[in-house]
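For reference, the chains in residue letters:
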Amino acid sequence: MNGKQYKVGIIGATGMVGQRFMTLLCNHPWFDVKVLAASGRSAGKPYREAIGDRWVMDASIPEKLADLTVLDAEKDMDQIVSQVDFVFCAVNMPKDEIRALEEKYAKAECPVISNNSANRFTPDVPMIVPEINPDHTDIIQAQRKRLGTKRGFIAVKSNCSLQSYVPAIHPLMDLGVTKVLTCTYQAISGAGKTLKNYPDIIDNVIPFIGGEEEKSEQEPLKIWGSIQGDVIVPTSSPSITAQCLRVPVQDGHMAAVFASFEKPVDLDDIISRWNSYKGVPQELELPSAPKQFLHYFTEENRPQTRLDRNLENGMAVSIGRLRRDTQYDIKFVCLSHNTLRGAAGGAVLMAELLCAKGYFD
Ligand code: NAP
């Protein structure tokens, strides 16, 4: 890197993901938080007052950000854009309003690194898992042309549920993966909740998370897709089917996975592919990149949510219980931290990748 620090804003700083951004960015070597923004309900107040008793991170509110006055993401946009090089965005609003807000920032020449799902299927918006499809940044040129911008663009992070099993399947793709079935066991922080404010989940499993199965099945196909002209065209295989359950766990999404292949597969080969897999973030040694992306556990009762979700600062994926059904079919379980790797951490890593490629200059 060039030693430059980039000024950033957090839109949705009072939310669950926004709080993660605050803790991840308060001492970041490349990014310096200058602006916190949320809705009109929080605007005009010092952050500490605006967040009140909603702060749920283990670490306390970063001192240097606690007294910043929260701005209104919509009404104060010009002021925000004038103070930052780009923004992180994680807001809870209707999808069409999020799409409009993100596009407004991009058109004001302020790049948007988004956690929201609203733009995930906009064909020229890259949806990036940095270890898997770092080259999808190339579509930004076409998006800038459509938006009529020089700097401004939108890049999105994928849904958190798939960030356990898609990383595990990715190094096996050249073995001819034909079908993936997955059942995810998802933490309540994914719904912006805590065990304290979600009594319905105590001693309970809820077999429905609105929209989650569709995202889990369709988003991987865009991530594995290819740039053709001015759009990203999703791949058509493997076929993916998912069931997503909410479980009484604070953080960490687990997935039970069944995968089928065109040819017979070797279990030792699969484990070795997982343990040795390196992506661009590892090669570039990006600040938030785990040293090893995928870790295979040989113990028969791992990975476990409480023991393993924070592996490599919550940025690595744990895998275990690899077994064979037939020569062509395997099953395993995997786990990733939904608000670190799956949300704010994944977005920060994506921003580091874009930064290293010069997209914020
Ligand atoms: P959340 O805890 O409900 O926080 C929502 C944030 O949005 C708050 O800062 C809120 O500000 C702000 N907001 C609401 N209406 C707004 C408006 N009109 N203008 C500007 N800001 C507004 O939600 P979250 O769990 O952090 O999720 C945020 C986004 O990230 C969602 O799109 C979600 O789908 C996505 N996401 C979440 C996770 C996760 O693990 N939680 C994972 C992946 C993606 P006020 O406090 O002022 O109301």
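Residues numbered from 1 in each chain as written. Predicted model: local features only at pLDDT ≥ 70, side-chain atom pairs only at ≥ 80, totals over all residues. Heavy atoms only, no water.

Put simply, the rule is: UniProt positions are given in the numbering used here, feature names are shortened, and annotations may be inferred rather than shown by experiment.
The name given to the protein in an unreviewed UniProt entry is Aspartate-semialdehyde dehydrogenase, with Solibaculum mannosilyticum as the source organism. The UniProt entry for the protein carries this comment under Sequence similarities (unreviewed entry): "Belongs to the aspartate-semialdehyde dehydrogenase family."

## What to know about the UniProt feature "active site" (unreviewed entry) in the protein
Inclusion rule: In this description a helix means any DSSP run of H or I spanning at least four residues, a strand means any run of E spanning at least two, and both kinds are numbered starting from the N terminus. Each residue gets one of three labels from its accessible area relative to the maximum for its type: buried under 20%, exposed over 50%, partly exposed in between, using a 1.4 Å probe on protein chains only. In this description, contact between two residues means that some pair of their heavy atoms is separated by no more than 4.5 Å. Contacts described as polar in this section are N or O atom pairs within 3.5 Å, which, within protein, must combine one atom able to donate a hydrogen with one able to accept it, while residues neighboring in sequence count only if both atoms come from side chains.
Summarizing the sequence annotation, UniProt attributes the feature "active site" (unreviewed entry) to C160 and H253 in the numbering used throughout. What stands out for the annotated residues spanning 94 residues is how close their C-alpha atoms remain, the widest pair being 7.9 Å apart. Residue placement: C160 occurs in the loop between β6 (154–156) and α7 (162–169). The exposure class assigned to C160 is buried, which follows from its relative accessible area of 14%. Dropping the residues within four chain positions of it, C160 is found in contact with E212, H253, N338 and G342. Following the sequence through the fold, H253 ends up in strand β11 (residues 253–261). What makes H253 buried here is its relative accessible area of 1%. Apart from residues no more than four positions distant in its own chain, H253 is found in contact with C160, S161, S164, Y185, Q186, A187, R246, C334, L335, S336 and N338. Of the polar contacts made by the side chain of H253, one reaches the backbone nitrogen of A187; its length is 2.9 Å.

## Brief notes about helix α8 (residues 212–223)
Stated precisely, the cut-off is as follows: By this rule, a helix spans an expected 1.5 Å times one less than how many residues it contains.
Taking 1.5 Å per residue as the helical rise, α8 with its 12 residues ought to reach 16 Å, and the 16 Å between its terminal C-alpha atoms agrees with that figure. Residues of α8 that are buried in the fold lie against α7, β7 (177–186), β9 (231–233) and β10 (239–246).

## Focus on the packing of aromatic side chains
The test is simple: A pair of aromatic rings is counted whenever rings of Phe, Tyr or Trp (Trp by its six-membered ring) have centres within 6.5 Å, and the orientation is called stacked for planes under 30 degrees apart, edge-to-face for over 60 and tilted otherwise. A ring is considered to have a charge above it if a Lys NZ or an Arg CZ atom is located within 6 Å of its centre and within 35 degrees of its normal.
This structure, assessed with the given rule, holds 13 aromatic pairs. With centroids separated by 6.0 Å and ring planes inclined at 70 degrees, the aromatic side chains of F153 and Y359 adopt a geometry described as edge-to-face. Here F153 is found in the loop between α6 (140–147) and β6, whereas its partner Y359 is found in the segment after α13 (340–356), with 206 residues between them in sequence. Comparing F153 with Y359 shows no difference in burial state: the two are buried. Taken together, the ring pairs in this structure connect Y6, F21, W30, F31, F86, F88, F153, Y359 and F360 into an aromatic cluster. Taking NZ or CZ as reference, K193 lies 5.1 Å from the ring centre of Y198, over its face.

## Regarding the site of the ligand
Put simply, the test is: A cutoff of 4 Å decides nearness: a residue is near a molecule or strand if any of its heavy atoms lies inside that distance of it. Residue-level accessible areas treat just the shown protein chains as cover; the underlying method is Shrake-Rupley with a 1.4 Å probe. Residue ranges for the domains trace back to a domain assignment, done automatically or taken from a database.
Among the 27 residues in the neighbourhood of the ligand, the closest are listed as T14, V17, S39, S42 and R54. At 3.0 Å from an oxygen atom of the ligand is found a main-chain nitrogen or oxygen belonging to V91. Alone, the ligand offers 910 Å² of accessible surface; in the complex the protein occludes 84% of this. In terms of domain composition, the shell around the ligand takes at least three residues from each of domain 1 (6–159 + 344–356) and domain 2 (160–337).

## Brief notes about the nonpolar core
The tendency in soluble globular proteins is for nonpolar side chains to be buried as a group. Quick note on the threshold: Definition of nonpolar core: a set of buried residues of the types Ala, Val, Leu, Ile, Met, Phe, Trp, Tyr and Cys, connected through side-chain atoms within 4.5 Å.
Judged by nonpolar contacts, the single largest core of 56 residues is most densely connected at I11, Y105, W274, I319, I330 and F332. Sort the elements by how many residues they give to this core and α7 lands first, with 5 residues. Counting only domains with at least three residues in this core, you end up with domain 1 (6–159 + 344–356) and domain 2 (160–337). Excluding anything up to four places from it in sequence, I319 contacts A168, W274, L294, H295, Y296, F297, P303, F332, V333 and C334.

## What to know about unusual backbone geometry
Excluding glycine, residues mostly have negative phi values, and the peptide bonds linking residues are mostly trans. Following S237, the chain continues to P238 via a peptide bond in cis, the omega torsion being 5 degrees. Counting through the fold element by element, P238 comes out in the loop between β9 and β10. With omega at 0 degrees, the peptide bond leading from R302 into P303 counts as cis. Examined against the element boundaries, P303 turns out to sit in the loop between β12 (294–296) and α11 (305–308). Although it is not a glycine, E285 adopts a positive phi angle of roughly 50 degrees.

## Regarding the sheet that holds β6
Inclusion rule: When DSSP finds at least two bridges between two strands, those strands are taken to pair. The axes used here are C-alpha line fits, helices contributing only the stretch in contact, and every angle between their N-to-C directions lies in the interval 0 to 180 degrees.
Spatial strand order, β3-β2-β1-β4-β5-β6: 6 strands in an open sheet with parallel pairing. In the strand order of this sheet, the two ends are held by β3 (71–72) and β6, each with one partner. Direction of pairing for strand β5 (residues 112–114) relative to β6: parallel, over a ladder of 3 bridges. Counted as the bridge partner of I113 is A155 from β6. The strands touched by helix α1 (residues 16–25) are β1 (6–11), β2 (31–38) and β4 (86–89); relative to β1, the strand with the most contacts, the crossing angle is about 155 degrees.

## Regarding the UniProt feature "domain: Semialdehyde dehydrogenase NAD-binding" (unreviewed entry) in the protein
Per the UniProt record, "domain: Semialdehyde dehydrogenase NAD-binding" (unreviewed entry) is found at residues 7–140. Counted over residues 7–140, helix gives 30% and strand 16%. Its end C-alpha atoms are 21 Å apart.

## Side note on the sheet that holds β7
Sheet architecture is open: 6 strands sit in the order β10-β7-β11-β14-β13-β12, paired in mixed fashion. Every interior strand has two partners, whereas the edge strands, β10 and β12, have only one. Going across the sheet, the axis of each strand differs from the next one's by a mean of 25 degrees, ignoring polarity. Relative to strand β14 (residues 329–336), β11 is paired through 8 bridges, and the arrangement is antiparallel. By the bridge assignment for β14, F258 is matched with K331. Sheet strands in contact with α8 are β7 and β10, and its direction is about 145 degrees off that of β10.

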